[in-house]
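Listed below, chain by chain, are the residues.
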Amino acid sequence: MNDIITQAVHIIQLDWVQKAFWTVLLVLATSLVSRVASRALRHLLNQDSNPLPSSSIIINIARTTIWVVGASIVLDGIFGINANAIITTLGVGGIAISLGFQDTLSNLIGGLQVTFMGIVKPGDNIEVGSESGVVQDVSWRHTTIRDILGQTVIIPNSIISKTALVHLLPASRVVVPFAVPHAAGADGDAPTVTCDTDQIATKLGGIALAAANSVCTVVEGPRVLFSEITEFGIKGKIIFVLEDASKTSLAADAVVRAIAREI
């Protein structure tokens, strides 16, 4: 029994065993700190009072920084390797590395620009070139948006930083155009409107609200705006905002069907 204990103590006292033990311990500690910091940062970024966007690129930068510090402690404190010397060596070969990772660096810099300058953040409804949709996330390499069909579109950050970007109206906003027909005048010549605009607005607003609420909760509106009077009738649009942006097409369809039955 004493021999076994003596051998165990001898093994524990070996230099490489102690280095392995402290390396594993520090790696686990770094991983724990990284996870806690990521959760805390994500919670902070999701608060309404936070000025920064809740993009994953910010969380990834924090995690990378923690792992770099942890790796430096392991190399310097356990193995006696100067981390500054490694950084200097990497700096010498930085030109060659940058040439091989031009696209990656361009996307990273583009992601940092659109994030910290507040150009794009999750929830924005944007249009980049021929693609449009609601921003889901901005990572270190690309920006993910979801289009009106529910498809996920991946756009490299370098394209967003170099291409004209349009901030569209909120994706949950629905606009339904309409036209109320005229009734023939008494002499058969000039058409007259069957009722005043206030009555039309009240009636259409009630129809639209009931139809849209049958699909999804309406959080704003509806507003009825008139645009012009033509030979076909009074034209205008009904505007309202839904709680769920993915239901806009269904809500617009329900409103159009309901108005068509009443007019």
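Residues numbered from 1 in each chain as written. Predicted model: local features only at pLDDT ≥ 70, side-chain atom pairs only at ≥ 80, totals over all residues. Heavy atoms only, no water.

Some words on the pairing of strand S4 (residues 152-156)
Thinking step 1. Only one face of S4 is covered, namely the one carrying Val-153 and Ile-155; the face carrying Thr-152, Ile-154 and Pro-156 has none of its residues buried.
Thinking step 2. Two successive antiparallel strands, strand S3 (residues 142-146) and S4, enclose a turn made up of five residues, where Gly-150 displays a positive phi of approximately 85°. (Buried < 20%, exposed > 50% of the residue type's maximum accessible area, 1.4 Å probe, protein only. Helix = DSSP H or I, 4+ residues; strand = E, 2+ residues; numbered from the N terminus. Pairing = 2+ DSSP bridges.)

Considering the confidence of the model for the protein chain
Thinking step 1. Looking at the protein chain, the pLDDT average stands at 80 and 79% of residues meet or exceed 70.
Thinking step 2. Confidence, expressed as mean pLDDT per element, reaches its minimum in the protein chain at helix H5 (residues 94-100) with 56 and its maximum at S4 with 92.
Thinking step 3. Here residues 184-194 is modelled with pLDDT under 50, and outside its nearest four sequence neighbours on either side it reaches 14 contacts, counting other chains as well. (pLDDT = per-residue confidence, 0-100. Contact = heavy atoms within 4.5 Å.)

Let's talk about the packing of helix H3 (residues 56-78) against helix H6 (residues 102-116)
Thinking step 1. Relative orientation of the contacting elements H3 and H6 amounts to 115°, with a least axis distance of 10 Å. Relative to H6, H3 is oriented so that their crossing is left-handed. Contacts from Ile-57, Ile-58 and Ile-61 of H3 reach H6 at Leu-108, Gly-111, Leu-112, Thr-115 and Phe-116.
Thinking step 2. Each residue belonging to the contact of H3 with H6 can be placed in one class, and the counts come to six nonpolar, two polar and no charged. (Axes fitted to C-alpha atoms, helices over the stretch in contact; angles between N-to-C directions. Left-handed = near helix turned anticlockwise from the far one by under 90°. Nonpolar A, V, L, I, M, F, W, Y, C, P; charged D, E, K, R; others polar.)

Some remarks on the pattern of salt bridges
Thinking step 1. Applying the stated criterion across every chain yields a total of two salt bridges.
Thinking step 2. Asp-124 is paired through a salt bridge with Lys-121; the nearest N and O atoms lie 3.4 Å apart.
Thinking step 3. What makes Lys-121 partly exposed here is its relative accessible area of 39%.
Thinking step 4. The salt bridge partner of Arg-257 is Asp-253, with a shortest N-O separation of 2.7 Å. A residue pair is termed a helical-turn pair when its members lie 3 or 4 positions apart in one helix, as Arg-257 and Asp-253 do in helix H9 (residues 248-262) at four residues.
Thinking step 5. Judged by its relative accessible area of 52%, Arg-257 falls in the exposed class.
Thinking step 6. Judged by relative accessible area, Asp-253 falls into the partly exposed class, the value being 37%. (Salt bridge = Lys/Arg side-chain N within 4 Å of Asp/Glu carboxyl O.)

Observations concerning the nonpolar core
Thinking step 1. Among the nonpolar cores identified, the biggest contains 23 residues, and Val-176, Leu-204, Ile-238, Phe-240, Leu-242 and Val-255 are the most heavily contacted of them.
Thinking step 2. Mapped by element, the contributors of at least two residues to this core are strand S6 (173-180), helix H8 (197-213), strand S7 (218-230), strand S8 (233-242) and H9.
Thinking step 3. Apart from the residues lying within four places of it in its own chain, the contact partners of Val-255 are Val-176, Ala-208, Ala-211, Ala-212 and Phe-240.
Thinking step 4. Residues Val-120, Ile-126, Val-138 and Ile-160 belong to the second largest nonpolar core, which totals 10 residues. (Core = buried A, V, L, I, M, F, W, Y, C linked by side-chain atoms within 4.5 Å.)

Some details on the sheet that holds S8
Thinking step 1. Strand order across the open sheet formed by three strands is S6-S8-S7, with antiparallel pairing between neighbours. Looking at the sheet topology across the chains shown, the edges are occupied by S6 and S7. Ignoring which end each strand starts from, the neighbouring axes of this sheet average 20° apart.
Thinking step 2. As paired strands, S6 and S8 are joined by eight bridges and run antiparallel to one another. For Pro-177, the partnering residue across the bridge sits in S8 and is Lys-237.
Thinking step 3. Contacting S6, S7 and S8, H8 crosses the sheet at an angle of about 140° to S7.

Observations regarding the sheet that holds strand S2 (residues 131-138)
Thinking step 1. The strand order across the open sheet formed by five strands is S4-S3-S2-S1-S5, and the pairing between neighbours is antiparallel. Every interior strand has two partners, whereas the edge strands, S4 and strand S5 (165-167), have only one. Strand-to-strand twist of the sheet, defined as the mean angle between neighbouring strand axes without regard to direction, takes the value 45°.
Thinking step 2. Of the pairings in the sheet, the one linking strand S1 (residues 125-128) to S2 comprises four bridges and is antiparallel in character. Looking across to S2, one finds that Val-128 is bridged to Glu-131.

Some details on the packing of helix H2 (residues 15-45) against H3
Thinking step 1. Direction vectors running N to C along H2 and H3 enclose 160°, while the axes themselves pass 9 Å from each other. Considering the angle they form, H2 stands roughly antiparallel to H3. Crossing of H2 against H3: the hand is right-handed. (Parallel < 35°, antiparallel > 145°, perpendicular 65-115°, else oblique.)

A closer look at the packing of aromatic side chains
Thinking step 1. A full pass over the atoms with the stated rule returns two aromatic pairs.
Thinking step 2. Ring centres 5.4 Å apart and planes at 75° place the aromatic pair Phe-21 and Trp-22 in the edge-to-face group.
Thinking step 3. Relative accessible area serves as the criterion here: at 46%, Trp-22 is assigned to the partly exposed category.
Thinking step 4. Pairing Phe-178 with Phe-226 gives two aromatic rings, centres 6.0 Å apart and planes at 85°, and the pair type is edge-to-face. Residue Phe-178 is located in strand S6, and its partner Phe-226 is located in strand S7; the two are separated by 48 residues in the primary sequence.
Thinking step 5. Here Phe-178 falls in the buried class, since its relative accessible area comes to 8%. (Phe/Tyr/Trp six-rings, centres within 6.5 Å; stacked < 30°, edge-to-face > 60°.)

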